[in-house]
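Structure at a glance
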Amino acid sequence: AEAGARPAVRSFLYLTAIVAVTGLVAGPMVAAARAGGVGLGMTALLGILSVLVASQFAVALVNWLVTLLVAPRLLPRMEFARGMPAAARTVVVVPAMLTTLDGIAALAEALEVRYLANRDANLSFALLTDFPDAAAETVPADAQALRAAEDAIHALNAKHPAEAAAAGSRPATVFYLLHRPRRWNPREGVWMGYERKRGKLADLNALLQRRPDATQRFLAIVGDAGA
């Protein structure tokens, strides 16, 4: 209980300081207005405006003082200076919609940028995608959009081939496309990716856990899903 009370006390002190500074700045302006004979309505308006301006100043000032008075605390993190071990193998996933061809090209380019900034034999990158909501399970533009996404991921894998993480190990695919089909949603009355982003992540977890029905949740998988 004592440990739980400490954050509450700190929050109280932080907010009290902001309110106090706001009052010290806005109060004299309102008092000066009343002393100068300004009407009650105009004084109230001046008070509101003064509090808005003073509160912004108060937040900035208190935040600055906190950085001076409170010593930073180092947070633990994983040490990967020598590369990621196989036990910590990770996939960086970008949930997205396949809409326009330009948008798909931009998604692929951004995925490549993430790879170039974080190159590691045990780190892969994936687009986890749906089609936009539609009145039908498929629309004419779907095939072209999916083909463009597949071609983009194939091109990235050809441009940046995977390296084995250890001698004799099979290299994992660097780039993946995991695309889901639309499903009928009776509540919203549309065909859509099941539960949108939350559903994407649930289906991804099923694939990572190698559940028997996992691959059936996707319309297309580019990359070695068994690696």
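What you see is a predicted model, and the numbers here were worked out from it, not measured in a lab. (Residues numbered from 1 in each chain as written. Predicted model: local features only at pLDDT ≥ 70, side-chain atom pairs only at ≥ 80, totals over all residues. Heavy atoms only, no water.)

This part covers the overall build of the chain. In terms of helices and strands, the chain carries 5 helices and 6 strands. Over its C-alpha trace the chain gives a radius of gyration of 27 Å, far above what one expects of a compact globule, namely 17 Å for 227 residues. Over its C-alpha atoms, taken along the principal directions, the chain stretches across nearly 80 × 50 × 40 Å. Here the chain, with 227 residues, has 29% of them falling under the buried criterion. (Helix = DSSP H or I, 4+ residues; strand = E, 2+ residues; numbered from the N terminus. Rg over C-alpha atoms; globule rule 2.2 N^0.38 Å. Buried < 20%, exposed > 50% of the residue type's maximum accessible area, 1.4 Å probe, protein only.)

What follows deals with the pattern of salt bridges. Scanning the entire structure with this criterion turns up 10 salt bridges. When the shortest N-O distance is used, the salt bridge between Glu 112 and Lys 159 registers 2.9 Å. In this pair, Glu 112 sits in helix 3 (residues 101-117) while Lys 159 sits in helix 4 (residues 141-159), placing the two residues 47 residues apart along the sequence. For Glu 112, a relative accessible area of 12% corresponds to the buried category. The salt bridge partner of Arg 180 is Asp 203, with a shortest N-O separation of 2.9 Å. With Arg 180 in the loop between strand 3 (175-179) and strand 4 (182-185) and Asp 203 in helix 5 (residues 196-208), this pair connects stretches of sequence that are 23 residues apart. Take Arg 180: its relative accessible area is 1%, and that puts it in the buried class. (Salt bridge = Lys/Arg side-chain N within 4 Å of Asp/Glu carboxyl O.)

On to helix 5. For helix 5, spanning 13 residues, the distance from its first C-alpha to its last is 18 Å, which sits close to the expected 18 Å at 1.5 Å a residue. If you check which residues of helix 5 are buried, you get Gly 199, Lys 200, Asp 203, Leu 204, Ala 206 and Leu 207. Taken around the axis of helix 5, the buried residues stretch over an arc of 160°, which confines them to a single face. Along helix 5, exposed side chains directed more than 90 degrees from the buried face belong to Lys 197, Arg 198 and Leu 208. Looking at the residues trailing helix 5, positive phi occurs at Arg 210, about 55°. (Expected span 1.5 Å × (residues − 1). Arc of directions from axis to C-beta.)

Within the chain, Glu 195 stands out as a residue other than glycine whose phi angle is a positive 55°. Judged by relative accessible area, Glu 195 falls into the partly exposed class, the value being 34%. At Arg 210, a position not held by glycine, the phi torsion is positive, near 55°. Position of Arg 210 among the secondary structure elements: in the loop between helix 5 and strand 6 (220-222). By relative accessible area, which is 54% here, Arg 210 ends up exposed.

Here we come to the sheet that holds strand 2 (residues 123-130). Strand order in the open sheet made by the 4 strands is 1-2-3-6, with mixed pairing throughout. What marks the edges here is a single partner per strand, and that holds for strand 1 (90-97) and strand 6. Pairwise comparison of adjacent strand axes, ignoring direction, gives a mean angle of 15° for this sheet. Judged from the 8 bridges that link them, strand 1 and strand 2 form a sheet pairing that is parallel. The partner of Pro 95 across the bridge, within strand 2, is Leu 128. The sheet contacts of helix 3 involve strand 1, strand 2 and strand 3, and relative to strand 2 the element is tilted by about 160°. Sheet strands touched by helix 4: strand 2, strand 3 and strand 6. Its angle to strand 3, the strand with the most contacts, is close to 160°. (Pairing = 2+ DSSP bridges. Axes fitted to C-alpha atoms, helices over the stretch in contact; angles between N-to-C directions. Contact = heavy atoms within 4.5 Å.)

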